[in-house]
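Take a look at the letters that make up each chain.
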Amino acid sequence: MDREATVSPEQTAADGELRKRLRGMLESGLETEVEPRAYDHDAVQSVVARLQALAPDDYEGKLRIAGFTLTPWRGEDEIEQACETCMYYVVHRRFCELPELMLPVEPEWSCRLWRI
Amino acid sequence: MANVLWLQGGACSGNTMSFLNAEEPSACDLVTDFGMNILWHPSLGMELGDNLQQMLRDCVSGKIKLDIFVFEGTVVNAPNGTGEWNRFAGRPMKEWVRELADAADFVVAIGDCATWGGIPATAPNPTDSQGLQFLKRDHGGYLGKDFRAKSGLPVINIPGCPAHPDWVTQILVAVATGRAGDLSLDEFQRPKTFFQSFTQTGCTRNMHFAYKVSATEFGQRKGCLFYDLGCRGPMTHSPCNRILWNRVSSKTRAGMPCLGCTEPEFPFFDLAPGTVFKTQTMMGIPKDLPEGVNKKGYIKLTGAAKAAAPAWAEQDIFVV
Ligand code: SF4
Ligand code: SF4
Ligand code: SF4
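Engineer: What am I meant to see in the site of ligand 2 here?
Structural biologist: Neighbouring ligand 2 are B:Gln200, B:Cys203, B:Arg205, B:Asn206, B:Phe209, B:Cys224, B:Leu225, B:Phe226, B:Cys231, B:Gly233, B:Pro234 and B:Thr252. Classifying every residue of the shell around ligand 2 gives seven nonpolar, four polar and one charged.

Engineer: Would you take a moment to explain the packing of helix H2 (residues 41-52) of chain A against helix H3 (residues 59-66) of chain A for this structure?
Structural biologist: Packed helix pairs are specified by the crossing angle of their axes together with the interaxial distance, meaning the distance between the axes. All names here are of chain A. Interaxial distance between H2 and H3 falls to 10 Å at its minimum, and their mutual angle equals 170 degrees. What the angle tells us is that H2 and H3 run roughly antiparallel. Across the interface between the two elements, Val-47, Arg-50 and Leu-51 from H2 touch Lys-62, Ile-65 and Ala-66 from H3. Taken together, the residues that form the contact of H2 with H3 break down as four nonpolar, no polar and two charged.

Engineer: Would you mind going over the pairing of strand E7 (residues 106-110) of chain B with me for this structure?
Structural biologist: The side chains of a regular strand alternate, residue by residue, between the two faces of the sheet. Residue and element names in this part refer to chain B. For E7, a buried count of five out of five residues is recorded, marking the element as mostly surrounded by other parts of the structure. Where E7 meets strand E11 (residues 156-158), three bridges bridge the pair, whose relative direction is parallel. Looking at the pairing, Ala-109 lines up with Asn-157 of E11.

Engineer: When you look at the sheet that holds E11(B) in this model, what are you seeing that I'm missing?
Structural biologist: Note on sheets: strands pair through backbone hydrogen bonds, and any given pair is parallel or antiparallel. Residue and element names in this part refer to chain B. Here we have five strands laid out as an open sheet, ordered E2-E1-E3-E7-E11, and parallel in their pairing. The open sheet has two edge strands, strand E2 (36-40) and E11, and neither has a second partner. Mean inter-strand twist for the sheet, computed between neighbouring axes without regard to direction, equals 25 degrees. Sheet strands touched by helix H3 (residues 49-61): strand E1 (2-8) and E2. Its angle to E2, the strand with the most contacts, is close to 125 degrees. Against the sheet, helix H4 (residues 93-103) makes contact with E1, strand E3 (68-72) and E7, and its axis sits at roughly 150 degrees relative to E3, the strand it touches most.

Engineer: What should I look at first to understand the domain arrangement of chain B in this one?
Structural biologist: When the parts of a complex come together, some accessible area is lost, and that lost area is often taken as the interface size. Residue and element names in this part refer to chain B. By domain assignment, chain B separates into domain 1 (2-193) and domain 2 (197-320). Counting from both sides, the interface comprises 23 residues of domain 1 and, opposite them, 16 residues of domain 2. In total, domain 1 and domain 2 occlude about 1700 Å² of area from one another, counting both sides; carbon and sulfur atoms represent 55% of this. On the domain 1 side of the contact with domain 2, His-164, Trp-167 and Arg-190 bury the most area, a combined 30% of that side's loss. Put simply, domain 1 and domain 2 have three salt bridges between them. Between Glu-265 and Arg-137 there is a salt bridge; the shortest N-O distance is 2.2 Å. Put simply, domain 1 and domain 2 have nine residue pairs in polar contact (both at pLDDT 80 or more) between them. The set of elements that each furnish at least two residues to the side of domain 1 that touches domain 2 consists of helix H5 (111-116) and helix H6 (165-176). The element best represented in the side of domain 1 that touches domain 2 is H6, accounting for three residues.

Engineer: Honestly, the interface of chain B and chain A in this entry has me stumped. Any pointers?
Structural biologist: Counting from both sides, the interface comprises 30 residues of chain B and, opposite them, 27 residues of chain A. Taken as a group, B:Met283, B:Lys306 and B:Glu314 account for 28% of the area that chain B buries against chain A, more than any other trio of residues on that side. A salt bridge links B:Lys222 to A:Glu97, with the nearest nitrogen and oxygen atoms 3.6 Å apart. For the pair chain B and chain A, the interface holds 12 residue pairs in polar contact (both at pLDDT 80 or more). Of all the secondary-structure elements, those providing two or more residues to the side of chain B that touches chain A are strand E12 (281-282), strand E13 (285-286) and helix H10 (295-308) of chain B. No other element matches H10(B), which puts six residues into the side of chain B that touches chain A. Residue composition of the side of chain B that touches chain A, by class: 13 nonpolar, 10 polar and seven charged.

Engineer: Could you clarify how one ought to interpret the nonpolar core in this entry?
Structural biologist: Among soluble globular proteins, nonpolar side chains are generally buried collectively. Counting 39 residues, the largest nonpolar core has A:Leu22, A:Phe68, A:Leu101, A:Leu103, A:Val105 and A:Leu113 as the members making the most contacts within it. Looking at this core, the elements that each hand over two or more residues are helix H1 (9-27), H2 and H3 of chain A. Contact partners of A:Leu103, with chain neighbours within four places excluded, come to A:Leu18, A:Leu22, A:Tyr59, A:Lys62, A:Leu63, A:Phe68, A:Phe95 and A:Cys96. Listed in part, the 29 residues of the second largest apolar core include B:Trp40, B:Ala89, B:Val97 and B:Ala149.

Engineer: Sorry, what's going on with the environment of B:Gly292 here?
Structural biologist: All names here are of chain B. With respect to the helices, strands and loops of the structure, Gly-292 is situated in the loop between E13 and H10. Classification of Gly-292 by relative accessible area gives exposed; the value is 81%. Along the primary structure Gly-292 and Cys-161 are separated by 131 residues, whereas in three dimensions their C-alpha atoms are 25 Å apart.

Engineer: Help me out: how do you make sense of the packing of H3(B) against H4(B) in this one?
Structural biologist: Residue and element names in this part refer to chain B. Between H3 and H4, whose axes approach to 8 Å, the crossing angle comes to 45 degrees. Relative to H4, the element H3 lies oblique. For the pair H3 and H4, contact is made by Gln-53, Leu-56, Arg-57, Cys-59 and Val-60 and by Trp-96, Glu-99, Leu-100 and Ala-103, respectively. Taken together, the residues of the contact of H3 with H4 break down into six nonpolar, one polar and two charged.

Calculation notes
Residues numbered from 1 in each chain as written. Chains lettered and ligands numbered in written order. Predicted model: local features only at pLDDT ≥ 70, side-chain atom pairs only at ≥ 80, totals over all residues. Heavy atoms only, no water. Near = heavy atom within 4 Å. Nonpolar A, V, L, I, M, F, W, Y, C, P; charged D, E, K, R; others polar. Axes fitted to C-alpha atoms, helices over the stretch in contact; angles between N-to-C directions. Helix = DSSP H or I, 4+ residues; strand = E, 2+ residues; numbered from the N terminus. Parallel < 35°, antiparallel > 145°, perpendicular 65-115°, else oblique. Contact = heavy atoms within 4.5 Å. Buried < 20%, exposed > 50% of the residue type's maximum accessible area, 1.4 Å probe, protein only. Pairing = 2+ DSSP bridges. Domains from an automatic or database assignment. Buried area = accessible area lost by both parts, 1.4 Å probe. Salt bridge = Lys/Arg side-chain N within 4 Å of Asp/Glu carboxyl O. Polar contact = N/O pair within 3.5 Å; in protein donor to acceptor, adjacent residues only side chain to side chain. Core = buried A, V, L, I, M, F, W, Y, C linked by side-chain atoms within 4.5 Å.

Put into structure tokens, the structure is as follows:
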């Protein structure tokens, strides 16, 4: 059994394509709602509710509402928030498993739903 | 022969149900093999009406020796401290509780309601409920913090919502067979033999806890329930993954977060919407960290653990 493969080669290729597309959108200046951060339960719920209303392939909407950035976000107490340390990040697949996002990401990306 | 009397205050009978499901020993084995004489129990008692009242009075007076007084449910004080909302055998239950507790060699509180008030005592506590010797974390409860049964022991608290049958039967057997002196109790008067370790001790998801792989749905076999679904396993004292439920499983093994039902604060956050099955965070960091771990340590550990996580930790390793 191949213990390294967490997903099929086809899935890895599809993830790669989509990751490239998402990066492209962010690099070309897509404005995302980086702040206010979703720091308490109500804030998280309201962001999540907005994400739930999106079509699964509305990638631009997901990036915008979740407040994606291409670099880690640094909080007031100097805690760095990056996908790499987030609970929803699947390390080997480089994938965000937050049910409302389910997106290929990069370890240094970040969003306002980060939780450790 | 040890005489056991079991009464029920403000409760749902869950602990009675749990007790009646006991195996090895079963409730019957307690009588036939361990010399217990069940004087009365809400589901097993034979006496009714005047006969029951007389028997209770005889226990209070000492005519019938009361070895173990078991109480399930809260002590109801409403309305206005009278306890009239919970009458039993001709008077408020709370009056029986006081007199029987004073007459008994050992007093055992079964379940969260009897130990610390549990769900009935959750704010706004309309029945003005108390546990026998605690109200949530506050020592005192109905009997007062200095209460001692005739044996010299305070109330022996066996919490849980409900308590596991084995926790109940093993403590009753220990007391009835003269081994109460071997019991050591923690600060909340829980027998340490059951309540020193954590729910997490023996949980099948510990590898996922270690590598910070999160479960995002109930029943998911992969992942730990701490990070997203509010599991209180790392800060709850219970043997739920050492002494399995129905001898086969536990909440966390089945993919359901531990709700911390053996701790005085249960139900946590007064059951406010969105709190029970969601890890409460402040700025993305869990408000309640595993016992003994501080915020800085937690962040460092998580970063390192995620970086070191092997690929298999992300797979469903429970393949049929
Ligand atoms: S939820 Fe976490 S893993 Fe997902 S995009 Fe946001 S920071 Fe990254
Ligand atoms: S599921 Fe709960 S008890 Fe099990 S390892 Fe995770 S946090 Fe601990
Ligand atoms: S797993 Fe937690 S909530 Fe469930 S019975 Fe055990 S201590 Fe109580």
